Number of protein chains: 2
Amino acid sequence: MAQIDTARFIADLQELRKIGEFKTGVHRPTYTPQDMESRRWLMDRMAEIGLEPSMDGVGNVLGKHKGPGIKLLAGSHIETQNEAGWLDGALGVVAGLALARAGLPVDVVACADEEGHYGGFVGSRSLTGILTEEQIDAASNRTTGQTLREALAGAGLAGLPRPPLEASRYKGFFEMHIEQGTQLENAGLRAGVVSGIVAIWQWKIVIEGNQDHAGGTTMAERRDAGLTAVRLLAAIDQEFPRHVGERTTWTTGRIALEPGAPSIIPGRAEILFQFRDISTEKLAELETVLRRLIQESNRREKCPARLEAVSLSKPAMCDHAMMACLAEAAEAVQPGCWQKMPSGAGHDSQYIARLMPVAMLFTPSIGGISHHWSEDTKIEDLELCMQILGGAAERFLAV
Amino acid sequence: MAQIDTARFIADLQELRKIGEFKTGVHRPTYTPQDMESRRWLMDRMAEIGLEPSMDGVGNVLGKHKGPGIKLLAGSHIETQNEAGWLDGALGVVAGLALARAGLPVDVVACADEEGHYGGFVGSRSLTGILTEEQIDAASNRTTGQTLREALAGAGLAGLPRPPLEASRYKGFFEMHIEQGTQLENAGLRAGVVSGIVAIWQWKIVIEGNQDHAGGTTMAERRDAGLTAVRLLAAIDQEFPRHVGERTTWTTGRIALEPGAPSIIPGRAEILFQFRDISTEKLAELETVLRRLIQESNRREKCPARLEAVSLSKPAMCDHAMMACLAEAAEAVQPGCWQKMPSGAGHDSQYIARLMPVAMLFTPSIGGISHHWSEDTKIEDLELCMQILGGAAERFLAV
């Protein structure tokens, strides 16, 4: 039975934390000097363990096991959101190192830009062969506006090859990650076996009215795009609960009224609305409800609303055999310490799942805090989940 | 009977239009070279007519009639919004010149910054003696950020006296202005006798929630400030029509959700909400309704909402004798061409009303367009309203 060096696992996490340190968290946006330093740090750790490290044309770091036979792939991403947490992403990568250090036949991967500084999942989309050169040409940094091409050149990655993963080489992909929610904490549990990663259907609702003076224009004369937006969102709030599943979420992230001044009737409203579920059928049903509510709004209101699909992702189901191994390992380490749960957030696994079976293990997030420098998980929970992951990897290899 | 030279009236408007010309409109923000040029142009016109022109410490231009006896005051403002219309404000000032040129005992005034580049009604507030030096110290340009003190120094006005108007000198103030709405146009009318200027009660509603990840946080766990905002605004939309008066308006100009990102549950919502009416009792009733709806929201919702008063102005009623003179004059010029109506927008008259009786005459606005360079009124309507104003001034002086 392979021995996981949990002390070294924690020590590696603490060492990596120093690169781009910000308060108790880290600031390592994709392709910044701090991000590239962390990738070089990772390649050194891989080499120490005896893996063969390489970095591809979008910054993905892959450490290949040199031995023969079928392998596991383990990892996550290593860059962070701005001024964000020390574990998000890094946890899964360093956990992969711990598996390889224990002598298991494991390749370790750190995918680039899962956090979306340049659009999101640049690395895992490239590793699965679905990222086109045109998409790279079109991408730019959401904060600085720098193009992805410029960033890749600046990081010394321009022109490097970016081969997809050899699916036949792997039996499956394990990704450990923080929960980014409070479900484990609230349930008093220490580990989450992920059943799948929900799909996100992101929409833009645009409502056109007439911009007018709020004093000179009577209520009857108005075409107030903001008022139509409020009525439509109230209708969604009324109707959606009749159609959602147990773990469906729906969110209005932005309501932009133009021009947005106190004495001007809004001439235009733009709403960012999304819903998430693990079932494609459920997502399709919710789209039907949304389209019906917009149709009804357009029948009733003076300001026409139109629906634009921003992005419609696919849910990624976790592999049942791998989930069973995680569950058995969790029971072996501490009976009753875990639960099965979907992931409401997106992860690299959702793309890697197109090539091989995947499974995810969630650690609790203290207070559910995520994408903030104060994000944290208890050390004993990190150690326990590392033991679970080790046991699961061994079990799955033995299947 | 005094003869109004309407041809010269239109010619003066066209000449003034050339100062700061922008497309078919003008760009004369307060205290810019263009604004100051227009004030000097006005002082020259006043001197031609035999009035005694002066400019005070905030840029108000007053042309005093040199004869004995009670006077009328007539005018408006001469600066404009950015890239705005040629008539708004300038119309009332040039109409005042036309009255004086006709030999009527009229002082002409151009109040500074009615348009609010430095807070609004700087001139009329100073002329009524309610503008304090501390308010001048605190004011700055809403576009450039330049302080009012710097602007006054730059315009050569620093240190000049700014005496209030001598109320005892005047029988009343006539202000001609464009309607800035479509009520006259829609009714096929050519003049509006203003009954009063509505008060604006401007509010900020702040709702505090929890910023969270839209995937990791279940619907039950959420404290979504944006959702509470939508429900509150929907309740206002339901309840307000049960309490409003015939000409009440209520407007939500902005709904700002923080941070305003597609996958983040809004942690804070800020709403700019206002209502307008000519009756203080009605305004007070609407405030009671609004407070009740917020109280109810706080009982029901997880995210507390609080109400902040931004500004609560007073309605200004027009003088009945002056309104009667306008109505009689309108009937004499063209029977049935006019209607009585409140002004939904604010005007210098609302402050000058604190010192003397006031009345306003509205000309139609083509398409209701205002605060935009394409704002316009038919020449024949301008001429007709000038005739009405002349007849009304004569009638009121004779009362």
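The rules we used
- Residues numbered from 1 in each chain as written.
- Chains lettered and ligands numbered in written order.
- Predicted model: local features only at pLDDT ≥ 70, side-chain atom pairs only at ≥ 80, totals over all residues.
- Heavy atoms only, no water.
- UniProt positions renumbered as here; feature names shortened; annotations may be inferred.
- Helix = DSSP H or I, 4+ residues; strand = E, 2+ residues; numbered from the N terminus.
- Rg over C-alpha atoms; globule rule 2.2 N^0.38 Å.
- Buried < 20%, exposed > 50% of the residue type's maximum accessible area, 1.4 Å probe, protein only.
- Areas by Shrake-Rupley, 256 points an atom, 1.4 Å probe, with all protein chains shown as cover.
- Lys, Arg positive; Asp, Glu negative; His and termini not counted.
- Charge placed at Lys NZ, Arg CZ, Asp CG, Glu CD.
- Polar contact = N/O pair within 3.5 Å; in protein donor to acceptor, adjacent residues only side chain to side chain.
- Contact = heavy atoms within 4.5 Å.
- Buried area = accessible area lost by both parts, 1.4 Å probe.
- Salt bridge = Lys/Arg side-chain N within 4 Å of Asp/Glu carboxyl O.
- Nonpolar A, V, L, I, M, F, W, Y, C, P; charged D, E, K, R; others polar.
- Pairing = 2+ DSSP bridges.
- Domains from an automatic or database assignment.
- Axes fitted to C-alpha atoms, helices over the stretch in contact; angles between N-to-C directions.
- Parallel < 35°, antiparallel > 145°, perpendicular 65-115°, else oblique.
- Left-handed = near helix turned anticlockwise from the far one by under 90°.

As recorded in an unreviewed UniProt entry, chain A goes by the name Zn-dependent hydrolase, listed as coming from Rhodovarius crocodyli. Recorded in UniProt for chain A, the comment headed Subunit (unreviewed entry) runs: "Homodimer."

Scanning chain A from N- to C-terminus turns up twelve helices and 17 strands. The C-alpha radius of gyration of chain A comes to 23 Å, within 12% of the 21 Å expected for a compact globule of 399 residues. Projected onto the principal axes, the alpha-carbon positions of chain A cover approximately 75 × 50 × 40 Å. Looking at chain A as a whole, 59% of its 399 residues qualify as buried. Carbon and sulfur atoms form 52% of the exposed surface of chain A, whose accessible area is close to 14,700 Å². With 40 positive and 51 negative side-chain charges, chain A shows a separation of 3 Å between the mean positions of the two kinds.

Below, the discussion takes up the side chain of Thr128 of chain B. Residues and elements named next belong to chain B. For Thr128, the location among the structural elements is in the loop between helix H4 (122–127) and helix H5 (133–138). Relative accessible area serves as the criterion here: at 11%, Thr128 is assigned to the buried category. Looking at Thr128, its side chain comes within polar contact range of the main-chain oxygen of Arg125, at 3.0 Å. Leave out the neighbours within four places in its chain, and Thr128 touches Pro164, Tyr351, Ile352 and Leu355.

On to the interface of chain A and chain B. Tallying the contact residues gives 44 residues for chain A and 44 residues for chain B. Across the interface of chain A and chain B, roughly 3,500 Å² is buried in total on both sides, 55% from carbon and sulfur atoms. Joining chain A to chain B, the criterion identifies two salt bridges. Its salt-bridge partner being Arg231 of chain A, residue Asp237 of chain B comes within 2.7 Å of it at the nearest N-O pair. At the surface where chain A touches chain B, the tally comes to 20 residue pairs in polar contact (both at pLDDT 80 or more). Elements that contribute at least two residues to the side of chain A that touches chain B include exactly helix H7 (183–187), helix H8 (225–239), strand E11 (249–258), strand E12 (264–265) and strand E13 (268–277) of chain A. Take the side of chain A that touches chain B: its biggest share by element is eight residues, from E11 of chain A. By residue class, the composition of the side of chain A that touches chain B is 16 nonpolar, 21 polar and seven charged.

Once that is clear, we can look at the pattern of salt bridges. By the definition in use, this model includes 58 salt bridges over all chains. Residues Asp12 of chain A and Arg101 of chain A are paired through a salt bridge, measuring 2.9 Å at the closest nitrogen-oxygen approach. Taken together, the residues span a long stretch of sequence, with Asp12 of chain A in helix H1 (residues 6–17) and Arg101 of chain A in helix H3 (residues 90–101) at a distance of 89 residues. In this structure, the salt-bridge partner of Lys282 of chain B is Glu285 of chain B, at a minimum N-O distance of 3.0 Å. Placement of the pair is Lys282 of chain B and Glu285 of chain B together in helix H9 (residues 280–300), with a separation of three residues, close to one helical turn. What makes Lys282 of chain B buried here is its relative accessible area of 16%. Exposure remark for Glu285 of chain B: the relative accessible area of 31% places this residue in the partly exposed category. The structure contains a network of salt bridges with shared partners spanning Lys204, Glu208, Glu258, Arg268, Glu270, Arg306 and Glu308 of chain A.

What follows covers the pairing of strand E8 (residues 191–197) of chain B. Residues and elements named next belong to chain B. Of all the seven residues making up E8, seven are buried; the element is thus mostly covered by neighbouring parts of the structure. Two strands pair when backbone bridges link them, and E8 and strand E16 (residues 338–343) are joined in this way by five bridges, in the parallel orientation. By the bridge assignment for E16, Ile197 is matched with Ser343. Pairing analysis gives two bridges linking E8 to strand E17 (residues 358–363), with the strands arranged antiparallel. Bridging from a neighbouring strand, Gly192 pairs with Phe362 of E17. With two bridges joining them, E8 and strand E15 (residues 316–317) adopt antiparallel strand pairing. Opposite Ile197, over in E15, you have Ala316 as the bridge partner.

With that out of the way, let us pick up the UniProt feature "binding site: Zn(2+) 2" (unreviewed entry) in chain A. Feature annotation in UniProt assigns "binding site: Zn(2+) 2" (unreviewed entry) to the following positions: Asp88, Glu115 and His371 of chain A. For this annotated set, covering 284 residues, all C-alpha atoms fall within 9.7 Å of each other, a compact arrangement in space. Along the polypeptide, Glu115 of chain A turns up in the loop between strand E6 (106–111) and helix H4 (122–127). Discounting residues that sit within four places of it in the chain, Glu115 of chain A has contacts with His77, Glu79, Thr80, Gln81, Asp88, Arg142 and His371 of chain A. Looking at where His371 of chain A falls in the secondary structure, it is placed in the loop between strand E17 (358–363) and helix H12 (379–398). Residue His371 of chain A is classed as partly exposed on the basis of its relative accessible area of 31%. Excluding anything up to four places from it in sequence, His371 of chain A contacts Gln81, Ala84, Asp88, Glu115 and Gln180 of chain A together with His213 of chain B. At 3.4 Å, the side chain of His371 of chain A and the side chain of Glu115 of chain A are in polar contact.

Here we come to the domain arrangement of chain A. Residues and elements named next belong to chain A. We note that the domain assignment places domain 1 (6–197 + 317–398) and domain 2 (199–312) within chain A. A straight line from the C-alpha centre of domain 1 to that of domain 2 covers 36 Å. Across the boundary between the two partners, domain 1 contributes ten residues, which contact four residues of domain 2. It is Ile197, Pro342 and Gly344 that lose the most area in domain 1 upon contact with domain 2, and together they represent 55% of the buried surface on that side. Between domain 1 and domain 2 we count zero salt bridges in total. Elements supplying a minimum of two residues to the side of domain 1 that touches domain 2: strand E8 (191–197) and strand E16 (338–343). No other element matches E8, which puts three residues into the side of domain 1 that touches domain 2.

The next subject is unusual backbone geometry. Pro259 of chain A follows Glu258 of chain A through a cis peptide bond whose omega is 0 degrees. Topologically, Pro259 of chain A is positioned in the loop between E11 and E12. The phi dihedral of Asp113 of chain B falls on the positive side, at around 55 degrees, and the residue is not glycine. Inspection of the secondary structure puts Asp113 of chain B in the loop between strand E6 (106–111) and H4. The exposure class assigned to Asp113 of chain B is buried, which follows from its relative accessible area of 0%.

Residue and element names in this part refer to chain B. Between helix H8 (residues 225–239) and H9, the shortest axis-to-axis distance is 10 Å and the interhelical angle comes to 140 degrees. By the angle between their directions, the pair H8 and H9 is classed as oblique. Crossing of H8 against H9: the hand is right-handed. For the pair H8 and H9, the contacting residues are Thr228, Arg231, Leu232, Ala235, Ile236 and Glu239 in the first and Val289, Leu290, Arg292, Leu293, Ile294, Ser297 and Arg300 in the second. Split by residue class, the contact of H8 with H9 holds seven nonpolar, two polar and four charged.

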